[in-house]
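A structural walkthrough
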2 protein chains.
Amino acid sequence: MTVAVSNAKRIGARAVSCASTGNTSASLAAYAALAGIPAIVLVPSGQIALGKLAQTLAYGARTLMVRGDFDACLRLAREAAEKLGVYLVNSINPFRIAGQTTIVFDLLQQLDWRSPDWIVVPAGNLGNTAAFGVALRQARENGLIESSPRLAAVQAEGAAPFSRSFKSGFARREVVHAETVATAIKIGDPASYERGVRAIRENNGVVLDVSDSEILEAKAVIDASGVGCEPASAASVAGVRRLVRDGIIRKGERVVAVLTGHILKDPGILIDYHKDGKQSLANPPLEIDASIEAVERVLDFGATGQRR
Amino acid sequence: MTVAVSNAKRIGARAVSCASTGNTSASLAAYAALAGIPAIVLVPSGQIALGKLAQTLAYGARTLMVRGDFDACLRLAREAAEKLGVYLVNSINPFRIAGQTTIVFDLLQQLDWRSPDWIVVPAGNLGNTAAFGVALRQARENGLIESSPRLAAVQAEGAAPFSRSFKSGFARREVVHAETVATAIKIGDPASYERGVRAIRENNGVVLDVSDSEILEAKAVIDASGVGCEPASAASVAGVRRLVRDGIIRKGERVVAVLTGHILKDPGILIDYHKDGKQSLANPPLEIDASIEAVERVLDFGATGQRR
């Protein structure tokens, strides 16, 4: 994002812009503020997680809540870029894809350039999937790795156009109306479709989709480990579980699952999950009086230990 | 926190515990999860920011929402530590203070060991104030810096027992009922009072308090710069403004204001600040139809430019 915004400034753009489910808008707003260039973001009204909206407003982006879904926002952002001369930083911008390739180089470096057997990534607009394909191609061509990992792109069941296309061997491009709790991948018509297809084909890849409840359960496990992530990120771990169960990821294989968003991006869904203790891995808070007897009554170490 | 939790494990504590306005509980919950030891946290019911509660639950801490304020939680946590054999990690624990001293060493290193004229820090329970005093003493005694910066501790007007004590030359320790939007420093009876007094005395320090509206305005400025922070953190910058206005910080002096919490810790207060455009620096979102005409109508570049 920092290179894209710098370039906008270099060419004298009057403003930078993006369509977003919230993460890109928060990032753009911050970098635009640092660079001193106005930012205009288009987000689907009422469908953006609380933390992401808070950041976008706080960093000073002009925030347009569009009555429509992400796909409508992206169409509009492209049209606005063409007609109104603002600089678009969605992943159709090559500087964004270049930035996203660094995720792969970083993880390969952390693994001492010994390629894992799998890289698993949440898939919505397919910017990351496309960038991972580019990075793995570059890593092979430059001799940084000997063999490529297989790539797995994981979508949410209710927002799975890429997964559907994969089932037909990418015979046709699908478009759906997207519905999922994982707002960051709630996208029905992914912008980087063609490059996503190339990434999957070049890396012996698979595309699958997982249900919202699989996503939330995987998220609860990631959270309880002390790491944490936003719902869309947990799709990668939910995908790993599914691929292991189906025998596609095999015993002993080394797997990297990428988490794409911070736990605090979507606090609302977390509180909802935990508050009443109805979900399988819920950790509900307990209200007590300010007395040592009340603390003693609820401190059942056995039960606490059991949960962990 | 990592050292404190490791120590709890080393000595075989059955659990780790803290009283918290939310940041300590989130941190403890994460490190306890990583260490595989149960965590029990006491937070004031209904007075903890959304992001902090979300993290605490998600990382798996047993979360007791106490009907009382932070000060009641801390009394209870101390009593529970004594009677129930859990390991307390509040800043009365020396490992916590040791950890907090690294903030000062880090900032001095970033300044090439040329001490600033001022270090300004938000002040609630006085753990940071106390730790900064320890760090500056160590830095002087070890010859890392030649002269000490002056220390300024900034409280919220509605939670200013330390500021009140300072006005009487620390003749008496004050206790108040705390009320402020800055939940992380909403503390009426600071645990590290004595060590806080020593830190201020040894570093030619001052203690002051600022209003909630000064805090929120300073926060809006910090946020719009692209950095961002939680409300309590902004007390430090609000304090700098006040000290400059009062001629205590003078022109040309080098000032470090410490931000103690991430912008996403308290998204609710941010949305409230920006949503209706009534606050002085508000950046309200605008709902529009999904048409290019609607985008064109609202894109008043002059006005957007003006805001920045």
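To keep things clear, this report deals only with the structure shown in the data block. Bear in mind the structure is a predicted one, so any value in this text is a computation, not a measurement. (Residues numbered from 1 in each chain as written. Chains lettered and ligands numbered in written order. Predicted model: local features only at pLDDT ≥ 70, side-chain atom pairs only at ≥ 80, totals over all residues. Heavy atoms only, no water.)

**Some words on the pairing of strand β5 (residues 118-122) of chain A**
Where a strand is regular, its side chains alternate between the two sheet faces. Residues and elements named next belong to chain A. Taking burial as the measure, the five residues of β5 include five buried ones, the bulk of the element. What you see with β5 is no split at all: Trp118, Val120 and Pro122 on one side and Ile119 and Val121 on the other are buried throughout. Here five bridges tie β5 to strand β6 (residues 150-156), and the two strands are oriented parallel to one another. Residue proline 122 lies in a different strand from β6, and its bridge partner there is valine 154. (Buried < 20%, exposed > 50% of the residue type's maximum accessible area, 1.4 Å probe, protein only. Helix = DSSP H or I, 4+ residues; strand = E, 2+ residues; numbered from the N terminus. Pairing = 2+ DSSP bridges.)

**Section: helix α5 (residues 94-110) of chain B**
Residue and element names in this part refer to chain B. Taking 1.5 Å as the rise per residue, α5 with 17 residues should run 24 Å; its terminal C-alpha atoms sit 25 Å apart, in good agreement. When α5 is considered as a whole, its buried residues turn out to be Arg96, Ile97, Gln100, Thr101, Val104, Leu107 and Leu108. All buried residues of α5 project into a common sector of 145 degrees when viewed along the axis, lining one side. Looking at the buried side of α5, the elements it contacts are α1 (2-10), α2 (23-35), β5 (118-122), α6 (127-141), α8 (193-202) and β8 (255-257). You can read the cap of α5 off the contacts: a side-chain oxygen lies 2.8 Å from the backbone nitrogen of phenylalanine 95, and it is on asparagine 93. In the stretch just after α5, aspartate 112 is the one whose phi turns positive, near 60 degrees. (Expected span 1.5 Å × (residues − 1). Arc of directions from axis to C-beta. Contact = heavy atoms within 4.5 Å. Polar contact = N/O pair within 3.5 Å; in protein donor to acceptor, adjacent residues only side chain to side chain.)

**Describing the interface of chain A and chain B**
With 68 residues of chain A at the interface, the matching set in chain B holds 68 residues. Summing both sides of the interface, chain A and chain B together bury roughly 6100 Å²; the carbon and sulfur share of this comes to 68%. Across the chain A-chain B interface, the total number found is two salt bridges. We note a salt bridge from aspartate 289 of chain A to arginine 67 of chain B, for which the minimum N-O separation is 2.7 Å. On inspection of chain A and its partner chain B, the count reaches 18 residue pairs in polar contact (both at pLDDT 80 or more). Tallying contributions element by element places helix α3 (residues 50-58) of chain A first for the side of chain A that touches chain B, with eight residues. Within the side of chain A that touches chain B, the residues separate by chemical class into 42 nonpolar, 14 polar and 12 charged. (Buried area = accessible area lost by both parts, 1.4 Å probe. Salt bridge = Lys/Arg side-chain N within 4 Å of Asp/Glu carboxyl O. Nonpolar A, V, L, I, M, F, W, Y, C, P; charged D, E, K, R; others polar.)

**Side note on the relation of the copies chain A and chain B**
Related by rotation about an axis and a shift along that axis, the two copies of the chain form a pair. Between the two copies, chain A and chain B, the superposition gives an RMSD of 0.0 Å; the rotation angle is 180 degrees and the shift along the axis is 0.0 Å. Accordingly, the operation relating the two chain copies is best matched by a two-fold axis. Within chain A, the C-alpha atom positioned nearest to the axis of rotation is that of leucine 264 of chain A, 3.0 Å from it. (Least-squares fit on C-alpha atoms with pLDDT ≥ 70 in both.)

**Side note on the sheet that holds strand β4 (residues 87-88) of chain B**
Pairing is parallel in the open sheet, where five strands are placed in the order β9(A)-β3(B)-β2(B)-β1(B)-β4(B). Bordering the open sheet on either side are β9 (286-289) of chain A together with β4 of chain B, each of which pairs with just one other strand. Alignment of strand β2 (residues 39-44) of chain B against strand β3 (residues 62-67) of chain B, held across five bridges, turns out to be parallel. When the bridges of β3 of chain B are listed, valine 41 of chain B appears paired with threonine 63 of chain B. Contacts between helix α4 (residues 70-84) of chain B and the sheet are confined to β9 of chain A together with β1 (16-19), β2, β3 and β4 of chain B, with β2 of chain B contributing the most and set at about 150 degrees to the helix. (Axes fitted to C-alpha atoms, helices over the stretch in contact; angles between N-to-C directions.)

**Overview of the sheet that holds strand β2 (residues 39-44) of chain A**
With parallel pairing, the five strands of this open sheet are ordered in space as β4(A)-β1(A)-β2(A)-β3(A)-β9(B). The outermost strands of the open sheet, each flanked by one partner alone, are β4 (87-88) of chain A together with β9 (286-289) of chain B. Judged from the two bridges that link them, strand β1 (residues 16-19) of chain A and β4 of chain A form a sheet pairing that is parallel. Its bridge partner lying in β4 of chain A, serine 17 of chain A is registered against leucine 88 of chain A. Contacts from helix α2 (residues 23-35) of chain A reach β1 and β2 of chain A, with the element oriented near 170 degrees to β1 of chain A. Here helix α4 (residues 70-84) of chain A sits on the sheet and contacts β1, β2, β3 (62-67) and β4 of chain A together with β9 of chain B; the angle it forms with β2 of chain A, its principal contact strand, is near 150 degrees.

**Here's the deal with the packing of aromatic side chains**
Residues and elements named next belong to chain A. Considering all chains together, one arrives at eight aromatic pairs over all chains under this definition. Ring geometry for phenylalanine 166 against phenylalanine 170: centres 5.7 Å apart, planes inclined by 65 degrees, an arrangement best described as edge-to-face. Overall, the relative accessible area of 26% leaves phenylalanine 166 in the partly exposed class. Judged by its relative accessible area of 12%, phenylalanine 170 is buried. (Phe/Tyr/Trp six-rings, centres within 6.5 Å; stacked < 30°, edge-to-face > 60°.)

**What to know about the side chain of serine 91 of chain A**
Structurally, the position occupied by serine 91 of chain A is in the loop between β4 and α5 (94-110). Leaving out residues up to four positions away in the same chain, serine 91 of chain A has contacts with Arg96, Ile97, Gln100, Asn125, Gly127, Ser192 and Arg195 of chain A.

**Re the packing of helix α9 (residues 212-224) of chain A against helix α10 (residues 231-245) of chain A**
Residues and elements named next belong to chain A. Here α9 crosses α10 at 100 degrees, and the two axes come no closer than 7 Å. Between α9 and α10, the angle is such that the two are roughly perpendicular. Contact residues: α9 offers Glu214, Ile215, Glu217, Ala218, Lys219, Val221 and Ile222, while α10 offers Pro231, Ala234, Ala235, Val237, Ala238, Arg241 and Arg242. For the contact of α9 with α10, the class distribution of residues is nine nonpolar, no polar and five charged. (Parallel < 35°, antiparallel > 145°, perpendicular 65-115°, else oblique.)

**Quick notes on the nonpolar core**
Grouped together as the largest cluster of nonpolar side chains are 59 residues, with contacts concentrated most on Val16, Leu28, Ile37 and Val89 of chain A together with Val16, Leu28 and Val89 of chain B. If you tally residues by element for this core, the top one is α2 of chain A, at five residues. Look past the residues within four positions of valine 16 of chain A in its chain and what remains in contact with it is Ala8, Leu28, Ala32, Ile37, Pro38, Ala39, Ile40, Tyr87 and Val89 of chain A. Residues Phe132, Ala135, Tyr193 and Val256 of chain A belong to the second largest nonpolar core, which totals 24 residues. (Core = buried A, V, L, I, M, F, W, Y, C linked by side-chain atoms within 4.5 Å.)

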